[in-house]
Amino acid sequence: MLEVKNLSKHFGDVKAVNDISFSVGKGEVFGLLGENGAGKTTTLRLLATMLKPTSGTALVGDYDLVREPERVRRNIGILFGGESGLYDRLTAAENIAYFGELNNMEKSELDRRVRELAEIFGMEEYINKRAGKFSKGMKQKVAFARSIVHNPQIMLFDEPTSGLDVSAVRDVHEFIQKCRDEGKTIVFSSHSMSEVEKLCDRVGIIHKGNLIAIGTIEELSSKFKGDSLENIFVKLVGEKNEH
Amino acid sequence: MNIKHVFTVFKKEVRDIARDRKTLLTNLIVPIIMMPVFITLMGGSIERMGKDISENITVALSENSYTDEIRNLVEGEIFKDYPNISVNGVVSDPIQSVRNDEVRFVIEVEPDFAEKLAMGQPYNITVIYDQSDTKSSGSYGIIASAINEYNQKVVHKRLESMNIDPGILEPVKIVQSNAAIEKAGSNMMIMMMIPMLVSMLIAVGGIPAATDLVAGEKERGTFEPLLTTQSSRMSILLGKYFTVTLFSIVSVIAQFTGLVVAILMKPSFFNMANPGGSISVSIPPAALILSILITITLGMVFASLQLAVSTYARSFKEAQTYLSFFIFIAMIPAYATMMMQPDDIKFVMFFIPLMNAIASLKMVLGNVINYTNLVVALGTSVLYVIISLVFTASLFNREEVLFRS
C-alpha cells in the first residue's frame, strides 16, 4: 500500500532524510520514532508531496510520489499535531467541506459525507457553528473529520498528540485505531515510546535522517536482548541524547 | 491549475474575511465614514477661519491718532465702503493689543495729515498688525486695499481738479482670457487628490487580506493541511490573489464612496481654487474604462507583491512589518506628482509602474485625454501584472520559502 524507496531530502548540506526505505501494508500502523529534528516531519511532508524528494521515491497506493503528486494526494489524509489548524470564522461543516471541495468531491456526495462524519464523531450539535468558539476537543474532532473527508486509504499522522491533554490524546489514539480498523494504511510519527508501543504494529527508528532500525516491537526487543523500546532507542541514538 | 479549485479558494477566503468584523471595519466602514468626517471638520474650520478673516475685521486707533479729524478720515472715508471693518475706539499700547488679539489692526495716522493732504504731499498711515497671526495677516490685504482705494480717490480728485483724465495713469489695461479647457479649472482639487488617493489606497487596501491569507494561515497551522489537498499550489495562490485584489478594489471603492459623500456634504472645500464654480467631472466612457482598468491592474500588481511578501514572511508580525513599507512605495510617486499638471506629464511616465496609473488618472481628470498614452499605460500595467504574478508564483512554489522557519 505504501512503499518508500531510497527516499532522500537534502537542504543544502543538511541531509534531513537520507536514503530511507520501508513499506506499510493495508490496515497496518507504522510508527516513525525519533527525536526532534530527526527527520520525521520531513519524511511525512515528502509522503504528502509538500516537499519534493532530492532522490528516491515512494509508491503511495498505485501512484508514484514524484511523477503523480496530485493522485498521491487523493489517496492520503494528514493530521498534524499541536493546533488543529481550523478556520475560526468558518463553521465545522464549512471547514470540512472546504477540504472536500479541494479534493474534488461533488456537492451532493460532500453534503452526505459531512452529515456522516458529524454523526461518526458526534458533532451534530455544533456542525453548523463557527469553529472559533469550539473547545480543543471539539476542534480536534473537526480536524479528524477534515482529514478523512475524501476517504483516503493512507493516513499520515505527524506527532498528532503533541501539546494535547490526556483526554485529547486518548481521542487521537482512538481515531488512529478506528482508521486501522477500517483497513487504512497508517504512518504515525512520534517521540513518545509509550504511544508507539501502544499503537504501532511496526516501528522505524529515525535518527539524523537515517532509518537506523526497523521491525515489530517484538523483533526489536529480541534483537536487543529483551530490552524495552526506550532502552533500544537510547542505545541506538547514543548516550548523548539521554538528557 | 484547476479553475474550480481557484474559485473554491476565492469563495472561502471572501467568506472568511467578510465574517471578520475587524477587517470589515478597517476596509469598509472606516473609509466610508472617515472622509466625510475629516472634510466636515477640516472644511468647517477653514470656512470659519475664512469668514472671520474677511468679515470680522476689528481696527483701533492709537492714542496719538484718536482725534475727531483722524476718526473722520478712517471711519468716514477710508473704511466707509467696508462694512466688514469696524473701528473700535482707541488703544494705549498698539503692539500688545494686536499681539493679545484685542484688535486685529491698529492704525496710526500722522497728526498733520490734513495739511500735507491739502499741500499735495504724501503722509504716512501706519498699519500695526501681527504677521504671525493667520487672521491678522489674512485680513491685511483688505485693509491695504481699502487704503489703496482711498489713495486712488485722492489722486483722481487731484487730477480732475487739474482737468487731467485719470486714465493717463493707466497706459496699459490687462485683459484676461482663460484658455483652460472647460471644467478643468474647477477640478483642480479633484485632479490633485484622486490620483494620489487611488495609488496610496490601492497599495495598502489589500494588506490585511494578504497578511492573513498566507502568513496568517502558516501561523495558525491551516496552511500545511491546505497544501495536502489535491489542489495545485497555483490554484491556491490564484484563489488568494483574486481575494487580495478584490479587497484592494473594495477598499478604494469604499474610500471613494466616502469622498463622494464628502463632496456632496461640503462642495466648497473641493472648490477652493474656483469659488462659486461647480464641481463636475466629464470623462468620455472609453477613457473612464481605460483608467478603471489601469487602476485594477495596479491593484493586481500590489496584490501579488503583497502575497509574495506574506509568503516570504516567517510570521504574521513579520509580514505586517514588511507590508507596512508598501505605503511608502506608493507615497513617494504620489506626493512627487501631486502638483503636476496633465500637460506636464512626460510620455515615459506611462511606462513606469505606479506612475503610469497616476499619470493616466491625472490626464483623464484634467480632461486632457490622449488615448495612445492610456493604452500604453494599460499595456505596461498588464505586463507588470504578469511579471509580478510569475515572481509570486515562483516564490509560492519554492520549498525553502514556503517552509521557512
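One structure accompanies this document, and this report is about it. (Residues numbered from 1 in each chain as written. Chains lettered and ligands numbered in written order. Predicted model: local features only at pLDDT ≥ 70, side-chain atom pairs only at ≥ 80, totals over all residues. Heavy atoms only, no water.)

1. Thoughts on the packing of aromatic side chains
And step 1. Enumeration according to the criterion identifies 16 aromatic pairs over all chains in this entry.
And step 2. Ring centres 4.3 Å apart and planes at 10° place the aromatic pair Phe144 of chain A and Phe175 of chain A in the stacked group. In this pair, Phe144 of chain A sits in helix α5 (residues 136-148) while Phe175 of chain A sits in helix α6 (residues 166-181), placing the two residues 31 residues apart along the sequence. Phe175 of chain A matches Phe144 of chain A in its accessibility class, with the two residues each being buried.
And step 3. Summarising the aromatic geometry, the rings of Phe223 of chain B and Phe396 of chain B are spaced 5.9 Å apart at their centres and angled 80° between planes, so their arrangement reads as edge-to-face. Taken together, the positions of Phe223 of chain B in helix α9 (residues 223-227) and Phe396 of chain B in helix α16 (residues 371-396) put the pair 173 residues apart, joining distant regions of the chain. The pair Phe223 of chain B / Phe396 of chain B is uniform in exposure class, with both members buried.
And step 4. Chaining the aromatic ring pairs together yields one cluster made of Phe121, Phe144, Phe157 and Phe175 of chain A. (Phe/Tyr/Trp six-rings, centres within 6.5 Å; stacked < 30°, edge-to-face > 60°. Helix = DSSP H or I, 4+ residues; strand = E, 2+ residues; numbered from the N terminus. Buried < 20%, exposed > 50% of the residue type's maximum accessible area, 1.4 Å probe, protein only.)

2. Some thoughts on the interface of chain B and chain A
And step 1. Opposite the 29 residues of chain B that make contact, chain A presents 30 residues.
And step 2. Counting each side, the surface lost to burial between chain B and chain A is near 2,900 Å², with a carbon and sulfur contribution of 50%.
And step 3. In this assembly, chain B and chain A are joined by eight salt bridges.
And step 4. The residue Lys9 of chain A makes a salt bridge to Glu399 of chain B at a minimum N-O spacing of 2.5 Å.
And step 5. Counting across the interface, chain B meets chain A through 19 residue pairs in polar contact (both at pLDDT 80 or more).
And step 6. Elements represented by at least two residues in the side of chain B that touches chain A include exactly α1 (3-18), α8 (207-220) and α9 of chain B. (Contact = heavy atoms within 4.5 Å. Buried area = accessible area lost by both parts, 1.4 Å probe. Salt bridge = Lys/Arg side-chain N within 4 Å of Asp/Glu carboxyl O. Polar contact = N/O pair within 3.5 Å; in protein donor to acceptor, adjacent residues only side chain to side chain.)

3. Re empty space enclosed by the protein
And step 1. Enumeration according to the criterion identifies four cavities of 30 Å³ or more in this entry.
And step 2. Of the voids in this model, the largest cavity is the one considered here, and its volume is about 80 Å³.
And step 3. Along the walls of the largest cavity sit Ile76, Gly77, Ile78, Phe99, Asn103, Arg146, Ser147 and His150 of chain A together with Pro225, Thr228 and Thr229 of chain B, which together make up its complete lining.
And step 4. Breaking the lining of the largest cavity down by element, the ones donating at least two residues are β6 (76-80) and α5 of chain A.
And step 5. Ranked by the residues each element gives to the lining of the largest cavity, the list is headed by β6 of chain A, at three residues.
And step 6. Class assignment of the residues belonging to the lining of the largest cavity gives a composition of four nonpolar, six polar and one charged.
And step 7. Of the volumes computed, that of the second largest cavity is approximately 60 Å³.
And step 8. Lining the second largest cavity are Ile294, Thr297, Leu298, Val301, Pro353, Leu354, Asn356, Ala357, Ser381 and Tyr384 of chain B.
And step 9. Where the lining of the second largest cavity is concerned, the elements lending two or more residues are α12 (285-312), α15 (355-365) and α16 of chain B.
And step 10. Per-element tally for the lining of the second largest cavity: the top contributor is α12 of chain B, with four residues.
And step 11. Across the lining of the second largest cavity, the residue classes tally to seven nonpolar, three polar and no charged. (1 Å grid on protein atoms, 1.4 Å probe; cavity = no way out; pocket = protein on both sides within 12 Å on 5 of 7 lines; lining within 4 Å. Points joined across faces, edges and corners; volume = space filled by probe spheres on them. Nonpolar A, V, L, I, M, F, W, Y, C, P; charged D, E, K, R; others polar.)

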